[in-house]
Structures are given as structure tokens and as C-alpha cells.
Amino acid sequence: MTVLIAGAGIAGLTLALSCHQAGIDCRIYEQVKVVGPLGVGINLQPHAVRELYELGLEEELEAIGVRTREVAYFSRKGGQIWAEPRGMEAGYNWPQYSLHRGHLQMMLFDAVQQRLGPEAIITRSGVSGYSTARSSAKIELAGSGETILGDIVVGCDGIHSAIRRQMMPDEGPPVWGGAVLWRATSLAEPFLTGATMAMAGHERQKFVTYPLSGPDPETGRALVNWIAELKYDPSQGWNREDWNRQGKLEDFLPHFEDWNFDWLDIPAMIRSANVCFEYPMVDRDPIESWTDGRVTLMGDAAHPMYPIGSNGASQAIVDARVLVRAFQDHGLSADALAAYEAERRPATTRIVLANRQNGPDQVMELVEQRCGGTFGDISEVLSRDELEETAAAYKTLAGFDVGGLNSRQPIVKAL
Ligand SMILES: Cc1cc2nc3c(=O)[nH]c(=O)nc-3n(C[C@H](O)[C@H](O)[C@H](O)COP(=O)(O)OP(=O)(O)OC[C@H]3O[C@@H](n4cnc5c(N)ncnc54)[C@H](O)[C@@H]3O)c2cc1C
């Protein structure tokens, strides 16, 4: 009785830990030789944090994350549009964390190795395809062509999933809507609350930043994550997406030169980074099915989404938990995969589509359209009701409205 997992990213590792918690045997096949701490910052929303706490990872998260206290939106002129408390300060029973994606991945990787044993993750084993039968499923490994037999196969192999490609051979590459992100970390003085996720700009030019550490006691500076975003005509094309491609300051810094606000000197923050990474913002069109017999998809393989509203990693974590509850209810069966997909595919499709319409960041676009970013009193541009409704609607859509999350039962049942 084994679940074969393709990919040791956030989804695959959380799935392995969740299977282990439920007493289900599993193994991960990962294409890279050595799993290392790649990427820059991400935010984990309280609905995902709850799941990691229920996996007993509270102390580990505390050690690598900063509790996000506030989310604040600003216009391109630096005027504050909206700010709201986050995590426990907003009444959730769990915090929201800002943390380094690579540190999260390594924390989950270490937990899998400790709990399931080092043999649970087989590296240098890219999955090239699958086959499915009435009561079993197989993966095929790239290079050797070796096949491995299990009960279920889960494709957690990211935005370029080989498992998805076999399911959807005509789908083609991810879809680029025209935005390019330059992502980096810098050492900088804390700004606003010291744990604020701040966003400035509008749909065609945006800057997002949040700290990944507290201030160093000696220098007073914290490690701060930032993302500069510009939008181009998508028909022009851009470099293929690669999380590790280095970017060039001259491609985007000139656009941000006058974004020196009283709460943050953005050009100075950009200049102080040692290295930045360039990534075209891509997703994929939602598909009609994630499942083929005893094989299904999860995380970015199932529903890659724009990194708007901080939900990519959070939704991958929730996917893993819902699939394991389906195993608890239906065993390692095609019925379990159908139950998982019936719950998760519509929910994540809504988020993918909402993120294409700017998700909660739409308030910045509305301000840009209505007044070009310059205002005295924000209530003359956007009413408080509009602001509150936009924020609340996205939380409900993404599954983290405070009342619903605090009151619902755990997803995975205790043994
Ligand atoms: C190197 C890297 C850096 C990233 N950096 C950021 C970032 O800075 N900010 C951000 O918002 N998001 C980042 N992401 C994406 C983010 O991790 C995901 O959007 C989200 O966490 C969902 O996770 P996932 O496990 O579904 O996919 P991923 O995190 O993409 O994990 C997929 C895993 O599958 C492995 N894999 C791929 N193909 C195969 C195959 N054929 N066989 C076996 N294994 C395979 C990959 O090596 C990887 O370990 C990054 C992803 C990667 C892989």
C-alpha cells in the first residue's frame, strides 16, 4: 500500500508528512541530485499554517518565519490605500508567516527524513511518465526507464509537471499575461510595523516587500524580501520561466527611481540586493480533470497561479491535507482521488481566475484608474465598504475567512 509522489517541493513533502501522520506508506521521487534552499520569500496564510501546526511543526515554523502582522496597500505615489491586521492580530487562531521558500522546503525535507527515514526521498529520480491500472499505478523514471509500482501516483512536480504533460499532451507551455517579476532579498531597516507586507503601485507597475527576519541586534537591519513587477505587451514574448535566472537592475530600476516614500526608499532597497532573479509571471488555464485512474495532480502541477494574494504554497499544503483525508475516508483508491479532486479543483480554479483579475491587489488598480495614485483622503476615491469587501471576498474565496477557519474541524483525522 504505497503512494508514489513525484517531486519534493512544498506539496510533495507536505503530502509525505500527512501520509505518515495517517499511517499511509509513501515515497518521494525528486529530479534534483541535492534538494537545496532555492527561491526567495513567500507568505503562508493561516489556513496553511494550521495544517503545518497540526503536523507538529509549530516550533520549526517559528524558527524560520516572521509572523506577518499587517498587510498594507499604497498607490504609486506612496499614499496608503488600505491596511489590515493579519494572522493572530486579525483574530485567527494561527499566525500568517513571511518566510524564505527554501527554508520552508528544507524544514519539511528534514521532517520527512526524520519521521519517514532517509530512504523516503529518492533524489536524482526525475519522473518521466506513469501508467494506471484497475488496482495499481506505476511511475517511470527518466534516464533509466525503470518503473516503480504503487497504489496511487501523485504528481507534485511543479509548473512543468511531466505527469500533467502526459495527461494533457496538447496543453503546451504555461501562459504568460505580460508581467515580469524581479525577486530578491536585501538587508534593510525595518519599515512600518516591522512585520508588514507592503504593496505599492497598480496593475502595470508594482512593488511588494516584507521582512523575512527580525532586525539584527547589532546592525538594526532585517532580511527583507522584495518583488518589483512591470507589465509588458504579452505578444512580445519573454524568457522562459526559470526560478533561478538572474535579472539585471537596468531592466527595471529606472521605472522605480522616484519611488522614494516617507515609509520606504524603494530604489535604495533595490540597489542594496546582491543578486536578483527574473521570472515572467505565468500560470496555466484551469483544466477539466486532474485525475487519470489512480494518478492525480497537486500544487503547482494541478493549479499554478499568479503569486498574488500569497496562495501558491498555501493551497499546495491544503491540497495535501485534503487528499490524505480522502485516503482516510476511501482508502488508497480511485474514489479517494475523485473525492479530493471534487473538493480541490473548483476551489483552486476560483483562485487562479481571481488572481488573473489582481485578487486582493485590485484596490491599487482602482485607485490608479480613479485618481492616478494621488489623493488626500482615500475615502473620496474608494469607500471603506469597497475596501473591506474586496479584502473579505478574497479571503472567503481562498478559504481563510477568520470565522470559517477558526470553527472548522481539522482536515486530517487523528488516528
Ligand atoms: C526552485 C524553485 C524556486 C521557487 N521560488 C519561488 C519563489 O521565490 N517565490 C514563489 O512564490 N514561489 C517559488 N517557487 C514556487 C513555489 O514553491 C510553488 O508555487 C508552491 O510552493 C507550490 O509548490 P509545489 O510543491 O507544487 O511546486 P514546487 O515548489 O515547484 O516543487 C516541485 C518539485 O518537483 C520537482 N520536480 C519537477 N519535475 C519533476 C519530475 N519530473 N520528477 C520529479 N521531481 C520533479 C522540483 O525539482 C521541485 O522540487 C519556486 C519553485 C521552485 C521549484
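Residues numbered from 1 in each chain as written. Predicted model: local features only at pLDDT ≥ 70, side-chain atom pairs only at ≥ 80, totals over all residues.

A. Geometry of the overall build of the protein. What the protein contains, in helices and strands, is twelve helices and 18 strands. Against the globule reference of 22 Å for 415 residues, the protein gives a C-alpha radius of gyration of 21 Å, in line with a compact fold. Its C-alpha atoms give the protein principal-axis dimensions of roughly 65 × 45 × 45 Å. Here the contacts in the protein between residues at least 6 apart in sequence split such that 74% fall between residues at least 24 apart. (Helix = DSSP H or I, 4+ residues; strand = E, 2+ residues; numbered from the N terminus. Rg over C-alpha atoms; globule rule 2.2 N^0.38 Å. Contact = placed C-beta atoms within 7 Å.)

B. The environment of Met 168, seen in detail. The residue Met 168 is located in the loop between helix H5 (162-167) and strand S13 (175-188) in this model. The exposure class of Met 168 is partly exposed, given the 17 C-beta atoms found within 10 Å. (Buried ≥ 20, exposed ≤ 12 C-beta atoms within 10 Å, placed from the backbone.)

C. Representation of helix H1 (residues 10-21). Between its first and last C-alpha atoms H1 spans 16 Å; for twelve residues at 1.5 Å apiece the expected length is 16 Å, and the two agree. Within H1, burial applies to Ile 10, Ala 11, Gly 12, Leu 13, Thr 14, Leu 15, Ala 16, Leu 17, Ser 18 and Cys 19. Where H1 is buried, its residues touch strand S1 (2-6), strand S2 (25-29), helix H4 (101-116), strand S12 (152-155) and helix H8 (312-330). (Expected span 1.5 Å × (residues − 1).)

D. Molecular detail of the packing of helix H2 (residues 46-54) against H8. Where H2 contacts H8, the two axes come as close as 8 Å, and the packing angle between them is 45°. Between H2 and H8, the crossing angle belongs to the class labelled oblique. For the element pair H2 and H8, the recorded crossing hand is left-handed. Every residue of H8 that contacts H2 at His 47, Ala 48, Glu 51 and Leu 52 is listed here: Ala 313, Ser 314, Ile 317, Val 318 and Arg 321. Looking at the contact of H2 with H8 residue by residue, the classes come out as five nonpolar, two polar and two charged. (Axes fitted to C-alpha atoms, helices over the stretch in contact; angles between N-to-C directions. Parallel < 35°, antiparallel > 145°, perpendicular 65-115°, else oblique. Left-handed = near helix turned anticlockwise from the far one by under 90°. Nonpolar A, V, L, I, M, F, W, Y, C, P; charged D, E, K, R; others polar.)

E. Spatial organisation of the sheet that holds S2. Read across the open sheet, the five strands follow the order S8-S2-S1-S12-S18; overall the sheet is parallel. The outermost strands of the open sheet, each flanked by one partner alone, are strand S8 (121-122) and strand S18 (295-297). As judged from the five bridges shared by S1 and S2, these two strands associate in the parallel manner. Its bridge partner lying in S2, Ala 6 is registered against Tyr 29. (Pairing = 2+ DSSP bridges.)

F. Up close: the site of the ligand. Around the ligand, 31 residues are found, and the nearest of them are Gly 7, Gly 9, Gly 39, Gly 158 and Gly 299. Breaking the shell around the ligand down by element, the ones donating at least two residues are H1 and H8. Of the residues in the shell around the ligand, the class split is 17 nonpolar, nine polar and five charged. (Near = placed C-beta within 6 Å.)

G. Main features of the environment of Ala 347. Checked against the element boundaries, Ala 347 lands in helix H9 (residues 334-356). On the neighbour-count criterion, Ala 347 (17 C-beta atoms within 10 Å) is partly exposed. Taking the C-alpha atoms as reference points, Ala 347 and Gly 312, 35 residues apart in sequence, are found 13 Å from one another.

H. Structural context of unusual backbone geometry. Within the chain, Arg 124 stands out as a residue other than glycine whose phi angle is a positive 55°. Tracing the sequence through the fold places Arg 124 in the loop between S8 and strand S9 (127-132). Residue Arg 124 is classed as partly exposed on the basis of its 13 C-beta neighbours within 10 Å. Phi is positive for Leu 192, close to 50°, though the residue is something other than glycine. Along the chain, Leu 192 turns up in the loop between S13 and strand S14 (196-202). Given 19 C-beta atoms within a 10 Å radius, Leu 192 is considered partly exposed.

I. Representation of the packing of H1 against H8 in the model. Two elements in contact, H1 and H8, have axes whose closest approach is 8 Å; the angle formed by their N-to-C orientations is 30°. On the basis of their axis angle, the class for H1 and H8 is roughly parallel. Both H1 and H8 take part in a crossing whose hand is right-handed. Every residue of H8 that contacts H1 at Ile 10, Ala 11, Thr 14, Leu 15, Ser 18 and Cys 19 is listed here: Ala 313, Ala 316, Ile 317, Asp 319, Ala 320, Arg 321, Leu 323 and Val 324. When grouped by side-chain class, the residues that make up the contact of H1 with H8 number ten nonpolar, two polar and two charged.

J. How the structure looks around the environment of Leu 223. With respect to the helices and strands, Leu 223 occurs in strand S16 (residues 222-231). With 17 C-beta atoms packed within 10 Å, Leu 223 lands in the partly exposed category. Considering only alpha carbons, one finds Leu 223 and Leu 366, 143 residues apart in sequence, at a separation of 31 Å. Those residues within four positions of Leu 223 in sequence are excluded, and the remaining contacts are Thr 185, Leu 187, Pro 211, Leu 212 and Ser 213.

K. Here's a closer look at the sheet that holds strand S10 (residues 137-141). Read from one edge of the open sheet, three strands run S9-S10-S11, paired in antiparallel fashion. Edge positions in the open sheet fall to S9 and strand S11 (147-150), since each of these has one partner strand only. Between one strand and the next, the sheet's axes are offset by a mean angle of 25°, whatever the strand orientation. Pairing geometry for S10 and S11, over four bridges, is antiparallel. Bridging across to S11, Lys 138 finds its partner in Leu 149.

L. Inspection of the pairing of strand S7 (residues 97-100) at higher detail. Burial of S7 is two-sided: the residues Tyr 97 and Leu 99 facing one way and the residues Ser 98 and His 100 facing the other way are all buried. Here strand S3 (residues 41-44) pairs with S7 via four bridges, running antiparallel. Across the sheet, Ile 42 pairs through a bridge with Leu 99, a residue of S7. Note that strand S4 (residues 65-67) and S7 share three bridges and pair antiparallel. Paired with Gly 65 across the strands is Leu 99, a residue of S7.

These figures capture arrangement, not role.
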